[in-house]
Number of protein chains: 2
Amino acid sequence: MANNVAPFFQALADPTRRRVIELLGDRAHRAGELAKAAGTSAPAMSRHLRILLETGLVADERVPDDARLRIFRLRREPVLALQSWLDQLQAHWNEQLGGFKRYVEEKEQS
Amino acid sequence: MANNVAPFFQALADPTRRRVIELLGDRAHRAGELAKAAGTSAPAMSRHLRILLETGLVADERVPDDARLRIFRLRREPVLALQSWLDQLQAHWNEQLGGFKRYVEEKEQS
């Protein structure tokens, strides 16, 4: 199973970063808006956003009228990768329902 | 958005625990099998399994013929909760495609 979800799980283990992702799930935000909504300082939010940018969970764009302003948005690929990881876990679910029985049977045969 | 996914993300931030979950996605395993497959010591695997049991990602059952033996399986509820969290992130995705444009327009109006 692909291990490319590792950085996403590490990034999302932090509650502030999960809150940022939830906020960006609604719409794009500026860093200042995210800091206010998540109740963090601007420097703390900058660190969280840098991690989210590095892992690829989030992308940023410049506002055309004001090059100093960046807005942050959620990237689709990590969400799809996490969904795929969970889907793979579920692929064998129907077999799992009989897994305990099968496990015991296999042990009895061996 | 519900915050009940917090313990799952924290538990899954660890690569060994993610590997355990992937192994249990295939079928139920004994602790010893998990330790061998994940390349950890038995005590280290015990600690990981305790965390996974506490968060509810994993359940254990006794083997009827041998009460000392426990097998571990994946629980469905956490997987569904994580999928629901990701689905909610995607709920506004089509709006997001126009999010940057909308953001600029809203700023121009205010």
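Remember, predicted model here, so these are calculated numbers, not experimental data.

Attention now moves to the overall build of chain A. Of regular secondary structure, chain A possesses seven helices and three strands. The helix and strand sequence of chain A, counted from the amino end, reads α-α-β-α-α-β-β-α-α-α. In chain A, which comprises 110 residues, the proportion classed as buried is 45%. The long-range share in chain A, meaning contacts at least 24 apart out of those at least 6 apart in sequence, stands at 50%. With the model as given, the accessible surface of chain A reaches about 5,800 Å², and the carbon-plus-sulfur share is 48%.

With that settled, consider the packing of aromatic side chains. Residue and element names in this part refer to chain A. What the rule picks out here adds up to three aromatic pairs over all chains. Between the aromatic rings of Phe-9 and Trp-85, the centroid separation amounts to 5.0 Å while the plane-to-plane angle is 65 degrees, which identifies the pairing as edge-to-face. One end of the pair, Phe-9, is in helix α1 (residues 6-12); the other, Trp-85, is in helix α5 (residues 76-90), and 76 residues separate them in sequence.

A separate point is the sheet that holds strand β1 (residues 29-30) of chain A. Residues and elements named next belong to chain A. Reading across from one edge, β1-β3-β2 is the order of the three strands in this open sheet, with antiparallel pairing throughout. Each edge of the open sheet is held by one strand with a lone partner, namely β1 and β2 (58-63). Pairing analysis gives two bridges linking β1 to strand β3 (residues 66-74), with the strands arranged antiparallel. When the sheet's bridge partners are listed, Arg-30 is paired in β3 with Ile-71. Across the face of the sheet, helix α4 (residues 42-55) comes into contact with β2 and β3 while running at roughly 110 degrees to β2.

The biggest cluster of nonpolar side chains holds 50 residues, and the ones touching the most others in it are Ile-21 of chain A together with Ile-21 of chain B. Residues within four places of Ile-21 of chain B in sequence aside, it is in contact with Trp-85 and Leu-89 of chain A together with Leu-12, Leu-52, Leu-57, Val-58 and Leu-74 of chain B.

Attention shifts here to the sheet that holds strand β2 (residues 58-63) of chain B. Taken in spatial order, the three strands make up an open sheet running β1-β3-β2 (chain B), and their pairing is antiparallel. Where the open sheet ends on each side, the last strands, each with one partner, are β1 (29-30) and β2 of chain B.

In this section: the environment of Asp-60 of chain B. Residue and element names in this part refer to chain B. With respect to the helices and strands, Asp-60 occurs in strand β2. Separated by 31 residues in the primary sequence, Asp-60 and His-29 place their C-alpha atoms 9.5 Å from one another. Look past the residues within four positions of Asp-60 in its chain and what remains in contact with it is Leu-53, Arg-70, Ile-71 and Phe-72. Of note is the side chain of Asp-60, whose polar atom sits 2.5 Å from the side chain of Arg-70.

A few words on the pairing of strand β3 (residues 66-74) of chain B. Residue and element names in this part refer to chain B. As paired elements, β2 and β3 share six bridges and run antiparallel to each other. Across the sheet, Glu-61 pairs through a bridge with Ile-71, a residue of β3. Linking β2 back to β3 in an antiparallel pair, the connection comprises two residues.

What follows concerns helix α2 (residues 15-26) of chain B. Side chains three or four residues apart in an α-helix point the same way, a direct result of the helix having 3.6 residues per turn. Residue and element names in this part refer to chain B. End to end, α2 covers 17 Å across 12 residues, agreeing with the expected 16 Å (1.5 Å per residue, within 8%). For α2, the buried fraction is high: nine of the 12 residues fall into the buried class. Along α2, the positions that sit buried rather than exposed are Thr-16, Arg-17, Arg-18, Val-20, Ile-21, Glu-22, Leu-23, Leu-24 and Gly-25. The opening residue of α2, the one whose side-chain oxygen lies 2.9 Å from the backbone nitrogen of Thr-16, is Asp-14.

What follows concerns α4 of chain A. Residue and element names in this part refer to chain A. The end-to-end C-alpha distance of α4 is 20 Å, a good match for the 20 Å that 14 residues give at a rise of 1.5 Å each. Of the residues making up α4, those classed as buried are Ala-44, Met-45, His-48, Leu-49, Leu-52 and Thr-55. Looking straight down α4, one finds its buried side chains confined to an arc of 130 degrees; they lie on one side. Across from the buried face of α4, at angles greater than 90 degrees, the exposed residues are Ala-42 and Glu-54. Taken together, the buried residues of α4 touch α1, α2 (15-26), α3 (31-38), β2 and β3. Measuring from the backbone nitrogen of Ala-44 back to the side-chain oxygen at the start of α4 gives 3.1 Å, which picks out Ser-41 as the cap. Following α4 by one or two positions, Gly-56 has its phi on the positive side, about 85 degrees.

Rules used throughout
- Residues numbered from 1 in each chain as written.
- Chains lettered and ligands numbered in written order.
- Predicted model: local features only at pLDDT ≥ 70, side-chain atom pairs only at ≥ 80, totals over all residues.
- Heavy atoms only, no water.
- Helix = DSSP H or I, 4+ residues; strand = E, 2+ residues; numbered from the N terminus.
- Buried < 20%, exposed > 50% of the residue type's maximum accessible area, 1.4 Å probe, protein only.
- Contact = heavy atoms within 4.5 Å.
- Areas by Shrake-Rupley, 256 points an atom, 1.4 Å probe, with all protein chains shown as cover.
- Phe/Tyr/Trp six-rings, centres within 6.5 Å; stacked < 30°, edge-to-face > 60°.
- Pairing = 2+ DSSP bridges.
- Axes fitted to C-alpha atoms, helices over the stretch in contact; angles between N-to-C directions.
- Core = buried A, V, L, I, M, F, W, Y, C linked by side-chain atoms within 4.5 Å.
- Polar contact = N/O pair within 3.5 Å; in protein donor to acceptor, adjacent residues only side chain to side chain.
- Expected span 1.5 Å × (residues − 1).
- Arc of directions from axis to C-beta.

Just distances and angles here, no functional claims.
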